[in-house]
Each structure stands twice: as structure tokens, then as C-alpha cells.
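Chains, contacts and geometry: an overview
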Amino acid sequence: MIPYGRQSVDDDDIAAVTAVLKGDWLTQGPAVDEFEARLCELTGARHAVAFSSGTAALHAACAAAGLGPGDRVATSALTFAASAACATYVGATPVVVDVDPATWNLDPARVPADVEALVAVHYAGLPLDLATLARRPRVVIEDAAHALGARTPDGPVGNCAHSDLCCFSFHPVKVVTTGEGGAVTTNDAELAAALRRFGRHGVVPRPDLGGWAYEIAEEGHNLRLSDIAAALGTSQLAKLERFVTRRNELADRYRVLLADLPVGLPPAAPVGGRHAYHLFPVQVPARRHVYDALRADEVMVQVHYVPLYRHPRFAADPAGYPATEAVYAGLLSLPLFPDLTGDEQDRVVDVLARALEGTAA
Ligand SMILES: *Cc1c(COP(=O)(O)O)cnc(C)c1O
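Residues numbered from 1 in each chain as written. Predicted model: local features only at pLDDT ≥ 70, side-chain atom pairs only at ≥ 80, totals over all residues. Heavy atoms only, no water.

1. Looking at the pairing of strand E3 (residues 72–76)
For E3, a buried count of 4 out of 5 residues is recorded, marking the element as mostly surrounded by other parts of the structure. Pairing geometry for E3 and strand E4 (residues 93–97), over 5 bridges, is parallel. Across the sheet, the residue bridging to Ala-74 is Val-95, located in E4. With respect to chirality, the unit in which E3 leads through helix H4 (residues 82–89) into the neighbouring parallel E4 is right-handed. Sheet analysis places E3 next to strand E5 (residues 117–121), joined by 3 bridges and oriented parallel. Across the sheet, residue Thr-75 finds its bridge partner in E5, namely Val-119. (Buried < 20%, exposed > 50% of the residue type's maximum accessible area, 1.4 Å probe, protein only. Helix = DSSP H or I, 4+ residues; strand = E, 2+ residues; numbered from the N terminus. Pairing = 2+ DSSP bridges. Right-handed = clockwise from strand over helix to strand, strands pointing away.)

2. Looking at the environment of Ala-102
Examined against the element boundaries, Ala-102 turns out to sit in the loop between E4 and E5. Along the backbone, Ala-102 and Ser-83 are 19 residues apart, and their C-alpha atoms lie at a distance of 21 Å.

3. Some thoughts on the packing of aromatic side chains
The final tally for this structure, using the stated rule, is 6 aromatic pairs. On the basis of an interplanar angle of 70° and a centroid distance of 5.3 Å, the ring pair of Phe-35 and Phe-170 is categorised as edge-to-face. Within this pair, whereas Phe-35 is found in helix H2 (residues 30–43), its partner Phe-170 is found in the loop between strand E9 (165–169) and strand E10 (182–186), the two being separated by 135 residues in sequence. For Phe-170, a relative accessible area of 0% corresponds to the buried category. (Phe/Tyr/Trp six-rings, centres within 6.5 Å; stacked < 30°, edge-to-face > 60°.)

4. Regarding the domain arrangement of the protein chain
Split into domains, the protein chain comes out as domain 1 (2–98 + 105–237) and domain 2 (240–356). On a C-alpha basis, the centroid separation for the pair domain 1 and domain 2 is 25 Å. Contacts between the two partners involve 41 residues from domain 1, matched on the other side by 48 residues from domain 2. Note on domain 1 versus domain 2: buried area summed over both sides is about 3,600 Å², and carbon and sulfur give 63% of it. Looking only at domain 1, the three residues that lose the most surface to domain 2 are Ile-2, Tyr-4 and Asp-98, adding up to 24% of its buried area. On the surface where domain 1 and domain 2 come into contact, there are 1 salt bridge. (Domains from an automatic or database assignment. Contact = heavy atoms within 4.5 Å. Buried area = accessible area lost by both parts, 1.4 Å probe. Salt bridge = Lys/Arg side-chain N within 4 Å of Asp/Glu carboxyl O.)

5. So, unusual backbone geometry
Looking along the chain, the bond that leaves His-304 and enters Tyr-305 is cis, with omega of 5°. Positive phi values are uncommon outside glycine, yet Trp-104 reaches one of about 65°. Within the secondary structure layout, Trp-104 lies in the loop between E4 and E5. Of note in this structure, Glu-298 is not a glycine but carries a positive phi near 65°.

6. Side note on the site of the ligand
Looking at the ligand, there are 15 residues lining it, with Thr-55, Asp-143, His-146, Ser-169 and Lys-174 nearest. Residue Tyr-305 places a side-chain N or O atom 3.1 Å away from an oxygen atom belonging to the ligand. For the ligand, whose accessible area on its own is 380 Å², the fraction buried by protein is 92%. Going through the elements one at a time, helix H3 (54–64) and H4 are the ones with two or more residues in the shell around the ligand. Element by element, the count of residues in the shell around the ligand is highest for H3, at 3 residues. Split by residue class, the shell around the ligand holds 5 nonpolar, 8 polar and 2 charged. (Near = heavy atom within 4 Å. Polar contact = N/O pair within 3.5 Å; in protein donor to acceptor, adjacent residues only side chain to side chain. Areas by Shrake-Rupley, 256 points an atom, 1.4 Å probe, with all protein chains shown as cover. Nonpolar A, V, L, I, M, F, W, Y, C, P; charged D, E, K, R; others polar.)

7. Some words on the sheet that holds E5
Strand order in the open sheet formed by 7 strands is E2-E10-E9-E6-E5-E3-E4, with mixed pairing between adjacent strands. For this open sheet the edge positions go to strand E2 (47–51) and E4, each flanked by a neighbour on one side alone. When the angles between neighbouring strand axes are averaged without regard to direction, this sheet yields 20°. The strands that H2 touches are E2, E9 and E10; relative to E2, the one it contacts most, it runs at about 130°. H3 rests against E2, E5, strand E6 (139–143), E9 and E10 of the sheet, and its axis sits at about 165° to E9. (Axes fitted to C-alpha atoms, helices over the stretch in contact; angles between N-to-C directions.)

8. Things to note about the side chain of Asp-107
Tracing the backbone shows Asp-107 in the loop between E4 and E5. Looking at Asp-107, its side chain comes within polar contact range of the main-chain nitrogen of Ala-109, at 3.0 Å. The contacts of Asp-107, once residues within four sequence positions are left out, are Val-97, Asp-98, Val-99 and Asp-100.

9. Remarks on the pattern of salt bridges
Overall, the coordinates contain 19 salt bridges when judged by the stated rule. Arg-242 is the salt-bridge partner of Asp-10, the closest N and O atoms lying 4.0 Å from each other. Here Asp-10 is found in the loop between strand E1 (2–3) and helix H1 (11–21), whereas its partner Arg-242 is found in helix H7 (residues 240–257), with 232 residues between them in sequence. The exposure class assigned to Asp-10 is partly exposed, which follows from its relative accessible area of 31%. A network of salt bridges, in which partner residues are shared, links Asp-10, Asp-12, Asp-13, Lys-239 and Arg-242.

10. Looking at H1
Listed as buried for H1 are Asp-13, Val-17 and Val-20. Looking straight down H1, one finds its buried side chains confined to an arc of 55°; they lie on one side. Relative to its buried face, H1 has exposed residues pointing more than 90 degrees away, namely Asp-11 and Ala-19. For H1, the elements touching its buried residues are H2 and helix H6 (227–237). (Arc of directions from axis to C-beta.)

The following block contains the structure:
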């Protein structure tokens, strides 16, 4: 069986986790601090706050930015539900935007003028260059769940060069993993403090009133990452370069191997940018047949994603999303992860080629 994505966990990762299990802290302690510091180094952001998931990170980002009822929050039609659901968690209203056929990211020209915020998704790991936004809403949040290790001409994704907050996910299929986990980076100290309060019950220490004293004035949740998970994350971050380099090698190789097949290839990174290739989505004819044929041969392809407006929760007329509909029609993610071997990749392409023979050219 070849999955579409899989974590790479080695003995050094296991040793890092074991060391925490033998120590004094299991939940938030020095391993979380270290993980956050490494994220700052790698992204160039001033602050990083770890969360229990990427979804929790998006929720906290919306709350810290002060979004709430009456606010309209734009995001891409071609994304995971959490990119839009995070707005609803704070009582705001998601606004689903059609993609740009050239990038498969949200089309910056189609962001309505009246939105308070934008949740900019870097689909598949190709960064949406926020420098190209014609009008900047009050709040710009990046959903970089796919894009740790990616770069724009302004540097690493996560440096918040053109955003207020940048959210990552460390789910096992993402670029690095903590099991479940997420983080937000920002250059704004007040936003960083608000993120920490929100994920830690709204607690504000009040040492002026006694060593024990704290105060809760705002809504808060328990969205903490554990030290166990953070130790895995720090160990994984040491391999980020290798992982992303390998993902790019495999993606380049797919482009060569697929060149003579009736398959649409995903947009590549522009000059000066770097793709993180969380996913390698292609477009195939007769997707249902191809999907079933690949799965029957144990090549576990997946579709990323059913567009938001096709879910009852975010329902809108597909006719309003011609570019997303065109991308979605044959969309299929091929297996891509650092430990995918050349032989396995050859097998994926062979099985795909056979499946395509059954479709009318
Ligand atoms: C994975 C993902 C998330 C959510 O991350 P979790 O860690 O699974 O909660 C959010 N947005 C996008 C685009 C994702 O792919």
C-alpha cells in the first residue's frame, strides 16, 4: 500500500520523545519553549506560539485578531474546511473566493472590498504571494498548514512579511509532524500575548497580587501543545530542509514521468519562490474511474479538496466558482512524502498510466 502522505519518524525522533517522558514536564514546559524558538529561527518571525492543532492555531489567530460577529472573512474555495470554519468559531462569516487558475490559490483580485480579514491558504505548499494583494484587509492571516519550508521572494513563509499572523499544522501528513499540533507566528508582541492567553484559559498572571495570583478577563480555551509533542516537533524541524528538498525532487520527477500522459500538472513555484509540496495534486480525466483503479491497486490517492461551497455548511452556487470547478473536476493527489522511493513512484505512474488507458483520450 502506498499512501498519499506519511510521516517520517526516525530513531532520533523517538529518543527525543523518550527523553521528555523521563523528565519532569509532560505538558507545557521547556520542550514547547524550544520548539517555539526553533520555529522563530526557521521562519524569521519574532514570535511563535504552539497549539494543539492547526485548527486550534487558526481559531486562536481569528480570536487574537479581534474578529467577531459581523466580520466577513475571505478564504479560498479550494481548501480544508478549517480555513473557513475558524471564522465561524469566533462568530464571523466566511466568504469563499474563487481560485486563480494560474496558481490554484485564491485569486487576490477576487477578494471582496468589504472583508475585514483574509485567511490566505498556500494550497499544496505553493505560497500565495501576499505582496500581490491589491487591497489589504484589516487582518491578514496565512493558513500555511501546507507551506512550512516554502519561500516567497520576501523570505520564508511564516515571517509574516505581508501578514499579521501565520498558522501551521503538524498533522502527520504535513511537512513535519508533532502527531497533532499547530503553531502561529507573528511579529506583533501584543498579538503573541493574545494568542497565548486564548490557548491557555485566558489566564493573565498577577504577581503584583501574590505569587499565586492570576486573572481571567477574556474567553480562553485549553489549546496547548504538550512537551511530548513539542519534542517530536523540534526533532522533526532539524530535518525540514531535507524533507522539503526531497519533496521537491519527487515533484520534479513526477513532472518528467507524467509528461506524456493526459494529466494536468500542478502550478510550480515562480522564480525566487520555493514550493513545499505538501501535496502533488494533478488533474485526470474520468477521475472516479482513475481513483477507483488506483485504490484497487493499493495506490491510495486522495482528493484535496471538495471545494468549500460544495459542502452544505458553506453552500453556494458552484456557477459562481468557475475556476475552482475547472480545477476540481479532475483533481487527484498522488502519493508524495519524503520516504517515497523512486521504485514506489514508478509504480504509482505505471498504475496511473494503466488506469488512464481505460479512459477515452
Ligand atoms: C491540515 C489543515 C488544517 C488543519 O490542521 P489540523 O492540524 O489538522 O487541525 C488547516 N488548514 C489546512 C489548509 C490544512 O490542510
